[in-house]
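# Observations on the three-dimensional arrangement
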Amino acid sequence: MSKDSTDPRNWQLATRLVRGGTRRSEHGETSEAIFMTSGFRYDSAEAAEARFRNEQPGFVYSRFGNPTVEMFEQRMTLLEGAEAARATASGMAAVNAALMCQLKAGDEVVSSRAVFGSIAYIIGDLLPRFGVKTTMVDGTDLAQWQAAIGPRTRVVFLETPSNPTLEVLDIAAVAALARKAGARVVVDNVFATPVLQKPLELGADIVVYSATKHIDGQGRCLGGVVLGSQAFIADELTPYLRHTGPALSPFNAWVMLKGLETLELRVARHVENAARLADALAGHPGIAAPAGRVPGLLYPGRPDHPQHDLAMRQMTAGGNMVAFRAKGGKAGAFRVLNALKLVDISNNLGDSKSLVTHPATTTHQRLTAEERAHLGIGDDLLRLSVGLEDVRDLIADLSQALDKAG
Ligand SMILES: *Cc1c(COP(=O)(O)O)cnc(C)c1O
């Protein structure tokens, strides 16, 4: 029997990304409408009462839900293969809500150490203030995960590939340890993108995104998404979001919906460019010599990446992020940045424009020198988000800039 072709869950990925979640108004518009409204009216007092009692479907207030935002949530649900999703005003609002909505004093959280800077603040500084014990482990070392995850562990958090050193962590192995302990696994899947890696299929319970990155993909809006089981989203996350208010603007949701329509195409080109650029630059004399097993240029799609085999098992391609160490330390790295003519110095990522940042003095300057050293964030490290320009122009720009390194 053929599958029901009216059920969007049976559509292929490209079709889900273009049409999933679309809900037309009575005007029959082809492009999704922007419902730029904070409130909704009711036909009668009885209708308002019923809607507030959840006895009648419909919207009541855009902090709780909005038609444009809901279209984005449904398209994300179909993309991820999750049961449900909720959108938030930023990626950090998504991470914060995903953690806060399910934790209480006395719980324990185990997280990989190499996480996005603001996530390190939430897990390392904020949660302990409310009586949540947190333990940070070296994410590539399964023995550390095993030692840290215990009977009081409620949430296990990880990000892979990690920022900015592009370590690849074994989602399935960590999820198996968490499951045995009765803990839930939350994965920040931003660097991998929803196209290249499916954490839920690997055993994760909850996936979070900064939609600011590849989902918008054109550097316009902040946004975030949390995806998981229907029960988690409805019973734990939604009450937290309704009452604390990190709602996504309907306009930004519309931008994200449009971003999703081209996500698969863009990610394919991002990956193609990143792979070719990484290969072209790997042997450049301006790149520092390997440090032990770690090459001077890191790209998960290259066989010399320390976790290349794992990366190819759990991702369908190496992604669009490349990290490399410039010869000549901080001065060398700065000379490279200042010599760039095309690639922009910016800490954002997943943009159509190629962007490069010096993590030690920007995104990770809050850390102590020891903490940075532990994470492998040297003064010579640069993190590159490869965009959608013609890769020949990118290779030329980075090559001439690297000539200035040593
Ligand atoms: C950008 C980013 C975030 C935070 O997202 P915002 O939209 O900037 O709030 C979280 N995790 C990762 C891996 C990111 O790259």
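Provided above is the structure to which this section pertains.
What you see is a predicted model; the values in this text were computed from it and never measured.

## Focus on the overall build of the protein
Within the protein one finds 15 helices and 12 strands. For a compact globule of 406 residues, the expected C-alpha radius of gyration is about 22 Å, and the protein comes in at 22 Å, within 12% of that figure. The principal-axis extents of the C-alpha atoms in the protein amount to approximately 75 × 50 × 45 Å. Put simply, of all contacts in the protein between residues at least 6 apart along the chain, 73% involve residues at least 24 apart. Counting every atom, the protein has about 17,500 Å² of accessible surface; 52% of that belongs to carbon and sulfur. In the protein, 43 positive and 44 negative side-chain charges are present, and the distance between their average locations comes to 1 Å.

## Side note on the pattern of salt bridges
Tallied over the entire structure, the rule returns 21 salt bridges. The closest approach of N and O atoms between Lys 258 and Glu 32, which form a salt bridge, is 2.9 Å. Of this pair, Lys 258 sits in helix H10 (residues 250-261) while Glu 32 sits in the loop between helix H1 (13-19) and helix H2 (45-52); the two residues are 226 residues apart in sequence, bridging distant segments of the chain. Taking the relative accessible area as the measure of exposure, Glu 32 reaches 6% and is therefore buried.

## Topic: the site of the ligand
Near the ligand you find 14 residues, and of these Met 92, Asp 188, Ser 210, Thr 212 and Lys 213 are the closest. The separation between an oxygen atom of the ligand and a polar main-chain atom of Met 92 is 2.8 Å. Expressed as a share of its isolated accessible area of 380 Å², the protein-covered part of the ligand is 92%. The residue inventory of the shell around the ligand, partitioned by class, reads 6 nonpolar, 5 polar and 3 charged.

## A closer look at the packing of aromatic side chains
For the coordinates displayed, the defined rule picks out 3 aromatic pairs. A centroid spacing of 6.0 Å and a plane angle of 90° characterise the contact between Tyr 61 and Phe 64, whose relative ring orientation is edge-to-face. Taking the centre distance of 6.0 Å and the plane angle of 35° together, the rings of Phe 251 and Trp 254 count as tilted. A residue pair is termed a helical-turn pair when its members lie 3 or 4 positions apart in one helix, as Phe 251 and Trp 254 do in helix H10 at 3 residues. On the basis of relative accessibility, which here comes to 24%, the residue Trp 254 falls in the partly exposed class. Geometry around Phe 64 places Arg 242 over its ring, the cationic atom sitting 3.9 Å from the centre.

Quick notes on the rules
- Residues numbered from 1 in each chain as written.
- Predicted model: local features only at pLDDT ≥ 70, side-chain atom pairs only at ≥ 80, totals over all residues.
- Heavy atoms only, no water.
- Helix = DSSP H or I, 4+ residues; strand = E, 2+ residues; numbered from the N terminus.
- Rg over C-alpha atoms; globule rule 2.2 N^0.38 Å.
- Contact = heavy atoms within 4.5 Å.
- Areas by Shrake-Rupley, 256 points an atom, 1.4 Å probe, with all protein chains shown as cover.
- Lys, Arg positive; Asp, Glu negative; His and termini not counted.
- Charge placed at Lys NZ, Arg CZ, Asp CG, Glu CD.
- Salt bridge = Lys/Arg side-chain N within 4 Å of Asp/Glu carboxyl O.
- Buried < 20%, exposed > 50% of the residue type's maximum accessible area, 1.4 Å probe, protein only.
- Near = heavy atom within 4 Å.
- Polar contact = N/O pair within 3.5 Å; in protein donor to acceptor, adjacent residues only side chain to side chain.
- Nonpolar A, V, L, I, M, F, W, Y, C, P; charged D, E, K, R; others polar.
- Phe/Tyr/Trp six-rings, centres within 6.5 Å; stacked < 30°, edge-to-face > 60°.
- Lys NZ or Arg CZ within 6 Å of the ring centre and 35° of its normal.

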